[in-house]
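Close look at the chain arrangement
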Amino acid sequence: MWNAATTLRAARRRDWSLAAPVLAVLVFDAAFRDLTWPPVAVAFGCGLALATLVRRTCPLAAVVFAFGGFAVLDLAAYVVGTEPVVLNSGWVVLVLAYSLLRWRAGRDAVIGMAVIAVGLAVIVSVDFPGIAETTAGIAIVLLAAALGASMRYRSIAREQLIVQAKLQEREQLARELHDTVAHHVSAIAIQAQAGLFLARSSSLSGATEALETINREAARTLAEMRTMVSALRDHRQRPPLLPRHRIADIEALAADSTEALSIGVELHGDLTNLPPAVEGALYRVTQESITNAQRHAQQATRVRVEVTGSTTDVQLTVSDDGAGIASAAGPSGFGLVGMTERIALLGGTLTAGPHPDRGWTVRAVLPRRGAAT
């Protein structure tokens, strides 16, 4: 709101800076020139100054008044047989022609350009200055109008870029929230359910282990949430919102293994000198796939993670041995959507689906250097 008010005040100052010279030139004409019909000429000149003040809000009315007024005055002078009304402040019609296509389009622009064409035709017919001067004058008016149209389209394009950037930031923030907060909260929920079951079964050691896991996941969630909030508050910090995870961090995910579900991680091939974006995407896909297996894989006892690096790409495979998987991890789930977006942004591909024998498999292939963008 503050920026809008500041912009409005600046626009008003610019309009007054145009109206002031119009009035100053009008005073000079009235004092030192022999004007035709002085009262009418002065009143019309004051109208031109007023037109500059409303050129943003009512550009069509300003154009009709200026070009129509000059045409009517020239035609009346021709009928009466006197000299046409000539004002040195007439240059303001160029500003009004610019304003018409700068602030209006469609029907108003068509009507305004028609008024300009008719007005110029009448003025030239009544007081023909010569072919060269006529051509130059019409060209200058059309150039001012074309400049206004180009500025309008430039402003529209800039607004569309801003909207697109905001949408991209929202999508990125949604992915980060899902991949961090949702992941840890899911782990907390799973361990809380296990802890309740063990506590009711009088297995205090198992309940204690579950509470320790909950405490660890909660601490991670708070740390990553603080990082995201700090990045959002500090306008100087650029994306990514969160610190990049590396390939080595994928091995650390094996620490989330439990008695019911073991997690094994295997790294093969050349996994050095990968761009941080590629390593971060591989980590997030692995993290989300493990979470889906923990939450949805039925009767699963093992999750196997394999990362293989070659000279051209990096392949990630996450599979479990569950009997089935709920539809929440299917194409309609936000997790799979987020994983697919991350991989696609880096020029890779991701597939997910049930294994022919048993369980669910997620495969991602990323070029080593990531997408060109």
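Residues numbered from 1 in each chain as written. Predicted model: local features only at pLDDT ≥ 70, side-chain atom pairs only at ≥ 80, totals over all residues. Heavy atoms only, no water.

This paragraph deals with the pairing of strand β2 (residues 302-309). Residues Val303, Val305, Val307 and Gly309 line the buried face of β2, whereas the alternating positions Arg302, Arg304, Glu306 and Thr308 sit on a face that is not buried. By the bridge criterion, eight bridges tie strand β1 (residues 262-269) to β2 in an arrangement that is parallel. Each residue of the ladder has a partner; that of Gly264, found in β2, is Arg304. Handedness of the crossover is the feature at issue here: the chain leaves β1, passes through helix α9 (residues 276-296), returns alongside β2, and the resulting connection is left-handed. Two elements, β2 and strand β3 (residues 313-320), share seven bridges in a ladder whose sense is antiparallel. What sits directly across from Val307, in β3, is Leu316. Here β2 folds back onto β3, and the loop between the two strands holds three residues. (Buried < 20%, exposed > 50% of the residue type's maximum accessible area, 1.4 Å probe, protein only. Helix = DSSP H or I, 4+ residues; strand = E, 2+ residues; numbered from the N terminus. Pairing = 2+ DSSP bridges. Right-handed = clockwise from strand over helix to strand, strands pointing away.)

Moving on to the confidence of the model for the chain. The predicted model of the chain has a mean per-residue pLDDT of 82, with 82% of residues at 70 or higher. Least confident of the elements in the chain is helix α7 (residues 204-233), whose mean pLDDT is 69; most confident is helix α4 (residues 92-103), at 94. Here residues 326-332 is a poorly scored stretch, pLDDT under 50, and it has eleven contacts once near neighbours within four places are set aside; other chains count. (pLDDT = per-residue confidence, 0-100. Contact = heavy atoms within 4.5 Å.)

All right, on to the environment of Gly335 then. Tracing the backbone through its elements, the reader meets Gly335 in helix α10 (residues 334-345). A relative accessible area of 6% places Gly335 in the buried class. Each C-alpha atom, one on Gly335 and one on Glu288, is 6.7 Å from the other, the two residues being 47 residues apart in sequence.

An order of β1-β2-β3-β5-β4 is seen for the five strands of this open sheet, with the pairing classed as mixed. Because the sheet does not close on itself, it has two edges, and the strands there are β1 and β4 (349-354). Strand-to-strand, the axes of this sheet are offset by a mean angle of 10 degrees, without reference to chain direction. Contacting β1, β2, β3, β4 and β5 (360-367), α9 runs over the sheet at an angle of about 10 degrees to β3. (Axes fitted to C-alpha atoms, helices over the stretch in contact; angles between N-to-C directions.)

Another aspect to go through is the side chain of Ser89. Counting through the fold element by element, Ser89 comes out in the loop between α3 (59-80) and α4. In contact with Ser89, not counting residues within four places along its chain, are Val22, Val25, Asp29 and Leu48.

Attention now goes to the packing of aromatic side chains. Overall, the coordinates contain three aromatic pairs when judged by the stated rule. Ring centres 5.2 Å apart and planes at 40 degrees place the aromatic pair Phe28 and Phe32 in the tilted group. Highlighted residues: Phe28 and Phe32, both in helix α1 (residues 2-32), separated by four residues, approximately one helical turn. Assessed through its relative accessible area of 44%, Phe28 is described here as partly exposed. Owing to a relative accessible area of 66%, Phe32 belongs among the exposed residues under this scheme. Residues Phe44 and Phe65 carry aromatic rings whose centres are separated by 5.2 Å and whose planes lie at 35 degrees to one another, so their mutual orientation is tilted. In this pair, Phe44 sits in helix α2 (residues 38-53) while Phe65 sits in helix α3, placing the two residues 21 residues apart along the sequence. The class for Phe65 is partly exposed, based on a relative accessible area of 35%. (Phe/Tyr/Trp six-rings, centres within 6.5 Å; stacked < 30°, edge-to-face > 60°.)

Let's shift gears to the UniProt feature "transmembrane region" (unreviewed entry) in the chain. Here, UniProt's "transmembrane region" (unreviewed entry) annotation points to residues 35-53, 60-79, 85-103, 110-128 and 134-151. A distance of 29 Å separates the end C-alpha atoms of residues 85-103, which is 63% helix and 0% strand. Between the C-alpha atoms that bound residues 110-128 there is a distance of 26 Å. The span itself is 89% helix and 0% strand. (UniProt positions renumbered as here; feature names shortened; annotations may be inferred.)

Counting residues in each nonpolar core, the largest one holds 32 residues, and the members touching the most others are Leu48, Phe67, Leu87 and Ile116. Elements that contribute at least two residues to this core include exactly α1, α2, α3, α4, α5 (107-126) and α6 (131-200). Leu48 has contacts with Val22, Phe65, Ala66, Phe70, Leu87, Ser89 and Val92, leaving out every residue within four places of it along the chain. Among the nonpolar cores identified, the runner-up in size contains 31 residues, and Ile263, Val285, Leu346 and Leu366 belong to it. (Core = buried A, V, L, I, M, F, W, Y, C linked by side-chain atoms within 4.5 Å.)

The next subject is a nonpolar patch on the surface. Taken together, the side chains of Leu75, Tyr78, Val79 and Val80 define a hydrophobic patch exposed on the protein surface, amounting to about 440 Å² of accessible area. Tracing the chain through its elements places Tyr78 in helix α3. (Patch = residues over 30% accessible without salt bridge, like charges linked within 9 Å, V, L, I, M, F, W, Y side chains within 5 Å. Areas by Shrake-Rupley, 256 points an atom, 1.4 Å probe, with all protein chains shown as cover. Salt bridge = Lys/Arg side-chain N within 4 Å of Asp/Glu carboxyl O.)

Between α2 and α3, whose axes approach to 9 Å, the crossing angle comes to 160 degrees. Between α2 and α3, the crossing angle belongs to the class labelled roughly antiparallel. Considering the relative orientation of α2 and α3, their crossing is left-handed. In contact with Val40, Phe44, Gly47, Leu48 and Ala51 of α2, α3 contributes Ala62, Phe65, Ala66, Gly69, Phe70 and Leu73. Broken down by class, the residue content of the contact of α2 with α3 amounts to nine nonpolar, two polar and no charged. (Parallel < 35°, antiparallel > 145°, perpendicular 65-115°, else oblique. Left-handed = near helix turned anticlockwise from the far one by under 90°. Nonpolar A, V, L, I, M, F, W, Y, C, P; charged D, E, K, R; others polar.)

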